[in-house]
Amino acid sequence: MTTTTLPRKSFQLPFSPVFLVWLGFLAVLLLIGVYSAIQVFIHGLVITNLTDSVPWGLWITVDLSSIALGAGAFTLSAIVYIFGIKRLQPIIRLAVLVGFAGYTSAMLMLLVDIGRPDRFWHPWVFWNVHSVLWEVTMCITVYLMILVTEFAPVIVETKLFDRWPALRKFGHFLHKLTPFLAVLGLVISLLHQSSLGATYGIVKSRPIWFKPSMPIMFVLSAIAAGPAVTVSVAYVMEWIMRKRTVPHDVLQLIARFSGVGLLAYGYIKFWDMAAVTYYGRTPGVSSAFALLQQQTPYSFSFWVGEVLLGILVPAVLFLVPRFNRNPAAAVLGGLSAMAGIIIHRWNVTVGGLFVPLSYTPGTSFQLPIGTYFPAPVEWGVGILVIGYALTVLTLGVRFLPLFNHQEH
Amino acid sequence: MAKKTVKKKIVVKLTRGDVVKLAVATVGSIVAAPLLTTGPLSPFGQLKQQQLEGETTGGHGAETGQYHWGMAINLDLCIGCEYCMRACTATNDVLASDPWNVVIQEKNSAGHTFFLSRPCLHCQNAPCVEVCPVKATYHREDGLVVMDYDRCIGCRYCQVACPYDARQFNWEDRTDENPYVPAWGEPEIERRPRGVIEKCTFCKQRIDAGLAKGLVPGEDREATPACVEICPVGARTFGNLKDPNSKVAQVIASNPTFRLREDLGTEASVYYIPPKEGL
């Protein structure tokens, strides 16, 4: 018996049920977020809980964290293209996508955070080369361009570009530049990842900020945690999309790298605490820490959030072979390292601003210690940024040829 | 997991054509970048020129100018009446809950009460000017640290960096009624828009208009900052620090003085004379 086989693909749902639920979840995040952002644009920053004494809060924390968590792109690019560990090649495209999501999230966040979003372009035109924030802005812009250039060859591989062979050819030309872009990306990233720490480290009048180790802590934590985030994204996308993304041995190797990186960061953190903060303290620093410890949960969030959750837990999950092989444990480790980064940035930003300025020559007057807890609308905009980043990752994994490509 | 020890080499295939293309692109970008951002082709160039007018120096305070405006505040005379705060708030139409000029009740080490009033100190080595990413706050040639409200993006880094808490952010559109108008003066400048930082300017509108009329700021009331002019006990003296014969220079020369947080190296333009009971 013969039947005619129609030349059509067997019918199947374009999305798995898990994926549909995931899309619904993303839609909810984006709706909450867009509503909150519109509220901020209509009413101004007055509806936040930010004040003249604590003018930076949750949003700056999100901003700094998303840049740090996007650090997997430059770290892994450097490992593959500069140190020649070609085995890690299969994760590069995903790492660049995660970096792109992180950096654009930061820009989106800043757009809501600044008082005059209509003037977002001013740093590109009105240069103040003495400002570390200007340097960071320029570096982030340039690095975003590098990420886009690194990613262009992936985009031109999609079907859409069948129509424009010239663009595809240009994309392949750009692809040849990847090793150079990796060098440039490394240089620029080391610069701005640490300068984000310097943003705090140079402020002379804030006792817990003003120290030379601030940039080091920022750049090290980003290098250690960034790749772990990429690993987590790979596993989670695998669950949602129901397809293999990156070979697991590659992910396990990167998780181990991240574990070692976190231990190194932990050691330098100990050095920072002992040599810089404790032995190198001034009376101002001592009283600032005493104040924070008495009146805020600073000690708790430092030891439990930054050290236990951010360093020890993920290091164990990444380095003990039994956990290292287990995707769920690796994702847990990645989330925990992310939490550590976010709590560190929060503690630096908000903790530093809680300590009141002291400028009077007298003995009795003291400005009140700062108080701040994010308003609902601030959480809402934070959710917008998270929703945006997850959407970029989802669409990228769904529609772009990130995996199983042949490297020449 | 089996360890693979074979290292694969990454081969870079660049043809001569690629190198030429790359070189052309690099040089092209280097030329294009300044043209497009600040140069004649820039859509912003005209705007930038407009904004630069009046901004005669970017740098380090009153190095080159004929004037360096400064103030001396005699803590021994100050009675804490807050007239300076009120006149400032009326004249500059400041939000009454966030005054530019604050008055603080303080005690010295022996427990004696004195009052500290604080305008912007107009540091010659100003942390706020250093950190602003867009040069929205800058030094005029006469040493004043002023704001370009049309350029500020509202990032609030200057506010975070100022050691003296001298900067206020406009969290919302102003619709408040100023409780000090008209009793303490009439607004001489516009209210600042939502989303920018604002600060004390030593009443630069008075200084500039006064100089144009040939008046002497610090001597002629019309050309003198509102806080100085209104002080009922004459605790504040204002004038040109570069002129040794100015009243302010003489007050500073003939009294013991200190500046706030001198340890930070900010080189403030406001000098304080301690109370005679000491600090």
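Because the structure is predicted, anything quoted here is derived from the model rather than measured.

With that out of the way, let us pick up the overall build of chain B. Tallying secondary structure elements over chain B gives eight helices and nine strands in all. Taken over 279 residues, chain B has a buried fraction of 44%. Taking contacts inside chain B between residues at least 6 apart in sequence as the whole, the part at least 24 apart equals 62%.

Another point: the interface of chain B and chain A. Counting residues at the interface gives 56 residues for chain B, matched by 45 residues for chain A. Elements with a contribution of two residues or more to the side of chain B that touches chain A: helix 1 (16–37), strand 2 (102–107), strand 3 (113–118), helix 4 (127–131), helix 5 (157–161) and strand 6 (167–169) of chain B. For the side of chain B that touches chain A, a count of residues per class yields 28 nonpolar, nine polar and 19 charged.

On to the pairing of strand 1 (residues 69–74) of chain B, then. Taken residue by residue, a regular strand's side chains alternate between the two faces of the sheet. Residue and element names in this part refer to chain B. The element strand 1 is extensively covered by neighbouring structure, given that six of its six residues are classed as buried. Along strand 1, one buried face is formed by Trp69, Met71 and Ile73 and the opposite face, lined by Gly70, Ala72 and Asn74, is buried too. With five bridges connecting them, strand 1 and strand 8 (residues 236–240) associate as antiparallel partners. Bridge assignment links isoleucine 73 to a residue of strand 8, and that residue is arginine 236.

Let us now look at the packing of helix 10 (residues 248–279) of chain A against helix 12 (residues 298–319) of chain A. All names here are of chain A. Relative to each other, helix 10 and helix 12 sit at 150 degrees, their axes nearing to 8 Å. Between helix 10 and helix 12, the crossing angle belongs to the class labelled roughly antiparallel. The two elements helix 10 and helix 12 cross, and the hand of that crossing is left-handed. Seen from helix 10, the contacting residues are Ala255, Arg256, Ser258, Gly259, Leu262, Leu263, Tyr265 and Gly266; seen from helix 12, they are Ile311, Pro314, Ala315, Phe318 and Leu319.

What follows is about the sheet that holds strand 1 of chain B. Residues and elements named next belong to chain B. With mixed pairing, the three strands of this open sheet are ordered in space as 8-1-9. Each edge of the open sheet is held by one strand with a lone partner, namely strand 8 and strand 9 (270–273). The sheet shows a mean angle of 20 degrees between the axes of neighbouring strands, taken without regard to direction.

Moving on, we get to the packing of helix 2 (residues 58–69) of chain A against helix 15 (residues 376–399) of chain A. Residues and elements named next belong to chain A. Direction vectors running N to C along helix 2 and helix 15 enclose 20 degrees, while the axes themselves pass 9 Å from each other. It follows that helix 2 is roughly parallel to helix 15 by the angle criterion. For the pair helix 2 and helix 15, the sense of crossing is right-handed. For the pair helix 2 and helix 15, contact is made by Leu58, Trp59, Val62 and Ser66 and by Glu378, Val381, Gly382, Val385 and Ala389, respectively. Looking at the contact of helix 2 with helix 15 residue by residue, the classes come out as six nonpolar, two polar and one charged.

Moving on, we get to helix 6 (residues 204–212) of chain B. Residues and elements named next belong to chain B. Of all the positions in helix 6, only Arg206, Ile207 and Gly210 are classed as buried. Projected onto a plane normal to the axis of helix 6, the buried residues spread over an arc of 100 degrees and lie on a single side. Contact partners of the buried residues in helix 6: strand 1. Among the residues trailing helix 6, glycine 214 stands out with phi positive, at a value near 85 degrees.

Once that is clear, we can look at helix 4 (residues 92–113) of chain A. Taking 1.5 Å of rise per residue, 22 residues should cover 32 Å, and helix 4 of chain A covers 31 Å from first to last C-alpha, within 8% of that figure. Counting buried residues along helix 4 of chain A, 18 of its 22 residues qualify, which places the element largely inside the surrounding structure.

Before going further, it helps to examine the environment of A:Ile268. All names here are of chain A. Tracing the backbone shows isoleucine 268 in helix 10. With 16 C-beta atoms packed within 10 Å, isoleucine 268 lands in the partly exposed category. Along the sequence, isoleucine 268 and isoleucine 383 sit 115 residues apart, while their C-alpha atoms lie 32 Å from each other. Discounting residues that sit within four places of it in the chain, isoleucine 268 has contacts with Ile216 and Leu220.

Residue and element names in this part refer to chain B. On average, residues of chain B carry a pLDDT of 89, and 87% of them reach 70 or more. Counted against residues more than four places away or in other chains, residues 54–58, with its pLDDT under 50, gives nine contacts. Both scores are given for the predicted complex: the pTM is 0.88, the ipTM 0.91.

Before going further, it helps to examine the environment of A:Tyr298. Checked against the element boundaries, A:Tyr298 lands in helix 12. Excluding residues within four positions of it along the chain, A:Tyr298 makes contact with A:Leu292, A:Gln293, A:Asn347 and A:Gly351.

Moving on, we get to unusual backbone geometry. Residue and element names in this part refer to chain B. Omega for the peptide link from valine 181 to proline 182 comes to 5 degrees, which places this bond in the cis form. Within the secondary structure layout, proline 182 lies in the loop between strand 6 and strand 7 (197–199). Here arginine 261, not a glycine, exhibits a phi torsion of approximately 45 degrees, which is positive. Structurally, the position occupied by arginine 261 is in the loop between helix 8 (247–253) and strand 9.

Calculation notes
- Residues numbered from 1 in each chain as written.
- Chains lettered and ligands numbered in written order.
- Predicted model: local features only at pLDDT ≥ 70, side-chain atom pairs only at ≥ 80, totals over all residues.
- Helix = DSSP H or I, 4+ residues; strand = E, 2+ residues; numbered from the N terminus.
- Buried ≥ 20, exposed ≤ 12 C-beta atoms within 10 Å, placed from the backbone.
- Contact = placed C-beta atoms within 7 Å.
- Nonpolar A, V, L, I, M, F, W, Y, C, P; charged D, E, K, R; others polar.
- Pairing = 2+ DSSP bridges.
- Axes fitted to C-alpha atoms, helices over the stretch in contact; angles between N-to-C directions.
- Parallel < 35°, antiparallel > 145°, perpendicular 65-115°, else oblique.
- Left-handed = near helix turned anticlockwise from the far one by under 90°.
- Arc of directions from axis to C-beta.
- Expected span 1.5 Å × (residues − 1).
- pLDDT = per-residue confidence, 0-100.

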